[in-house]
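Notes for the structure review
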Amino acid sequence: RKADPCADLGGTAASPSCMSVESLASEGKRVVLVAEDIRINQVLVTKQLEQLDCQALICDDGLKVLTELQDTWHSLIVMDLNMPNMDGFECTRAIRRMERNG
């Protein structure tokens, strides 16, 4: 796995239109993976994270979160519970399995 630019945020945790994690890290931005399918909530969370000098990387369902985590591990994930394809509960269980299996 690639190094996580958000490791200093603590915790355990993509949109093609977002900048890459590597680009954001090179700018000194902390990247927070946000799992949210409702556009207005995506905008709200993004604005709130920007106030904390963080950049949101948006995934609109749990399957996309898991795909993103296979490429880059994120220390912090903001997870919606009700999403299409895979909800937040199922996604969180899958992430915990990934953590246990290394």
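It should be noted that the structure appears before, not after, this text.
Here's a quick rundown of the structure. Keep in mind the model is a prediction, meaning the values are calculated, not measured. (Residues numbered from 1 in each chain as written. Predicted model: local features only at pLDDT ≥ 70, side-chain atom pairs only at ≥ 80, totals over all residues. Heavy atoms only, no water.)

**Structural notes on the overall build of the protein**
- The helix and strand inventory of the protein stands at four helices and three strands.
- Secondary structure elements in the protein, listed N-terminal to C-terminal, are α-β-α-β-α-β-α.
- Looking at the protein as a whole, 39% of its 102 residues are labelled buried.
- Of the roughly 5,800 Å² of accessible surface on the protein, 50% is carried by carbon and sulfur atoms. (Helix = DSSP H or I, 4+ residues; strand = E, 2+ residues; numbered from the N terminus. Buried < 20%, exposed > 50% of the residue type's maximum accessible area, 1.4 Å probe, protein only. Areas by Shrake-Rupley, 256 points an atom, 1.4 Å probe, with all protein chains shown as cover.)

**Concerning the pairing of strand β2 (residues 54–59)**
- Most of β2 is tucked away: six of the six residues are buried.
- On β2, burial covers both faces: C54, A56 and I58 on one face and Q55, L57 and C59 on the other are all buried.
- Strand direction decides the pairing type here: strand β1 (residues 30–35) and β2, joined by six bridges, are parallel. From the neighbouring strand, V34 faces β2, where its bridge partner is I58.
- Between β1 and its parallel partner β2, the chain crosses via helix α2 (residues 39–51), and the hand of that crossover is right-handed. (Pairing = 2+ DSSP bridges. Right-handed = clockwise from strand over helix to strand, strands pointing away.)

**A look at the state of the cysteines**
- Applying the stated rule across the entire model yields zero disulfides.
- In this structure C91 is not part of a disulfide, and its nearest cysteine sulfur, from C59, lies 8.5 Å away. (Disulfide = S-S within 2.5 Å.)

**Concerning the nonpolar core**
- Membership of the largest hydrophobic core comes to 16 residues, with the highest contact counts inside it found for L33, V65, L66, L69, C91 and I95.
- Mapped by element, the contributors of at least two residues to this core are β1, β2, α3 (62–71) and α4 (88–101).
- A total of four residues in this core trace back to one element, the largest contributor, which is α4.
- When neighbours within four sequence positions are excluded, L33 is seen to be in contact with L57, C59, V65, E68, L69, H74, L76, I77 and V78.
- With seven residues, the next largest nonpolar core counts V32, V45, L49 and C54 among its residues. (Core = buried A, V, L, I, M, F, W, Y, C linked by side-chain atoms within 4.5 Å. Contact = heavy atoms within 4.5 Å.)

**Some remarks on the side chain of D80**
- As for its placement among the helices and strands, D80 is situated in the loop between β3 (77–79) and α4.
- Within the buried set, D80 has no salt-bridge partner at all; the shortest N-O distance to an opposite charge, 13 Å, is to K64.
- Looking at D80, its side chain comes within polar contact range of the main-chain nitrogen of N82, at 3.5 Å.
- Apart from residues lying up to four places away in sequence, D80 is in contact with A35, E36, D37 and G88. (Lys, Arg positive; Asp, Glu negative; His and termini not counted. Salt bridge = Lys/Arg side-chain N within 4 Å of Asp/Glu carboxyl O. Polar contact = N/O pair within 3.5 Å; in protein donor to acceptor, adjacent residues only side chain to side chain.)

**Thoughts on α3**
- Every buried residue belonging to α3 is among G62, V65, L66, E68 and L69, and all of these are buried. Burial along α3 is one-sided: seen end-on, the buried residues are contained in an arc of 160 degrees.
- Between the side-chain oxygen at the start of α3 and the backbone nitrogen of L63 there is a gap of 2.8 Å, and the oxygen is on D61. (Arc of directions from axis to C-beta.)

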